[in-house]
Amino acid sequence: MATTYAALLRGINVSGHRKVPMAELRSVLEGLGHRNVRTYLQSGNAVFTTDTDAAEDELTTALEDAIERHFGFRVDCLVRDGDYLTAVAEACPFPAAELEGKQLHAIYYSGAAEPERFAAIDTEAYRPEEFALGDRVLYLYVPDGLGRSKLGDVVTRPSLTKGLVATARNWNTVVKLIEMTHED
């Protein structure tokens, strides 16, 4: 049975470092046997369909290995199916439809983000910014955008995300990836 996935690459094409041209990323994914490969923006978002019954972790490892072979450096990736992305959006505790895309972000994780990791954060000190945890995701509301966010800096500290791959997407990208994974 065919399933459509989004591949989320972490930390590429930033300030001219770790360059991964999207045309080459599409070729890498096609080389893994995936079809209907499309990319979105230059920040490492790809959508593909596959007939394999491999688990998301297996698809992730295969992509990371293929990127390393092709580009000569390793890139952390997350692969999530369209149903998961939809469920994340539907579970969002913030009024996404009322906000600008830059005000709401989803930080996707490779595993569960246990509340204990974030328990020491004095959330009142960062108001009106807020965060909430979901299924392998942290929802981050930043009214003035991520670039000016103090809470965004705190919740992405390596000490809090240790052992997890984490990659953030603004809500416009979240919505676009959902649309792309349901186009087939």
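Up top you'll find the structure we're talking about.
These numbers come from a predicted model, not from an experiment.

Criteria and thresholds
Residues numbered from 1 in each chain as written. Predicted model: local features only at pLDDT ≥ 70, side-chain atom pairs only at ≥ 80, totals over all residues. Heavy atoms only, no water. Phe/Tyr/Trp six-rings, centres within 6.5 Å; stacked < 30°, edge-to-face > 60°. Helix = DSSP H or I, 4+ residues; strand = E, 2+ residues; numbered from the N terminus. Buried < 20%, exposed > 50% of the residue type's maximum accessible area, 1.4 Å probe, protein only. Lys NZ or Arg CZ within 6 Å of the ring centre and 35° of its normal. Pairing = 2+ DSSP bridges. Axes fitted to C-alpha atoms, helices over the stretch in contact; angles between N-to-C directions. Salt bridge = Lys/Arg side-chain N within 4 Å of Asp/Glu carboxyl O.

Undergrad: I tried to follow the packing of aromatic side chains on my own but got confused; where do I start?
TA: The full count for this structure, using the stated rule, is six aromatic pairs. The interplanar angle of 25° and the centroid separation of 5.6 Å between the aromatic rings of Y5 and F48 together place this pair among those described as stacked. One end of the pair, Y5, is in strand β1 (residues 3-9); the other, F48, is in strand β3 (residues 45-50), with 43 residues separating them in the sequence. Each member of the pair, Y5 as well as F48, is classed as buried. Relative to F73, the ring of F71 has its centre 6.0 Å away and its plane inclined at 35°; by these criteria the two rings are tilted. For F73, a relative accessible area of 23% puts it in the partly exposed group. Over the ring of Y84 we find R80; its NZ or CZ atom is 5.7 Å from the centre of that ring. The ring of Y84 carries R136 above its face, with NZ or CZ at 4.5 Å from the centroid.

Undergrad: How should I be thinking about the sheet that holds strand β8 (residues 166-170) in this particular structure?
TA: In a beta sheet, neighbouring strands are held together by backbone hydrogen bonds and run either parallel or antiparallel to one another. Pairing is antiparallel across the open sheet formed by four strands, whose spatial order is β6-β7-β5-β8. With partners counted over all chains shown, the strands left at the sheet margins are β6 (130-134) and β8, one partner each. Adjacent strand axes in the sheet meet at a mean angle of 20°, parallel and antiparallel pairs treated alike. Sheet analysis places strand β5 (residues 104-109) next to β8, joined by five bridges and oriented antiparallel. Looking at the pairing, Y109 lines up with A166 of β8.

Undergrad: Looking at this structure, how should I read the pattern of salt bridges?
TA: Close approach of charged atoms lets side chains of opposite charge pair. Per the counting criterion, the structure on display carries 12 salt bridges. As a salt-bridge pair, R35 and D51 come within 3.1 Å of each other at their nearest N and O atoms. Pair noted here: R35 is in strand β2 (residues 35-40) and D51 is in the loop between β3 and α2 (56-71), with a separation of 16 residues, a long-range link. By relative accessible area, R35 is classed as partly exposed at 36%. Relative accessible area serves as the criterion here: at 49%, D51 is assigned to the partly exposed category. Two residues, E68 and R74, come together in a salt bridge whose shortest N-O distance is 2.8 Å. The class of R74 is partly exposed, set by a relative accessible area of 32%.

The values are spatial; any link to function lies outside them.
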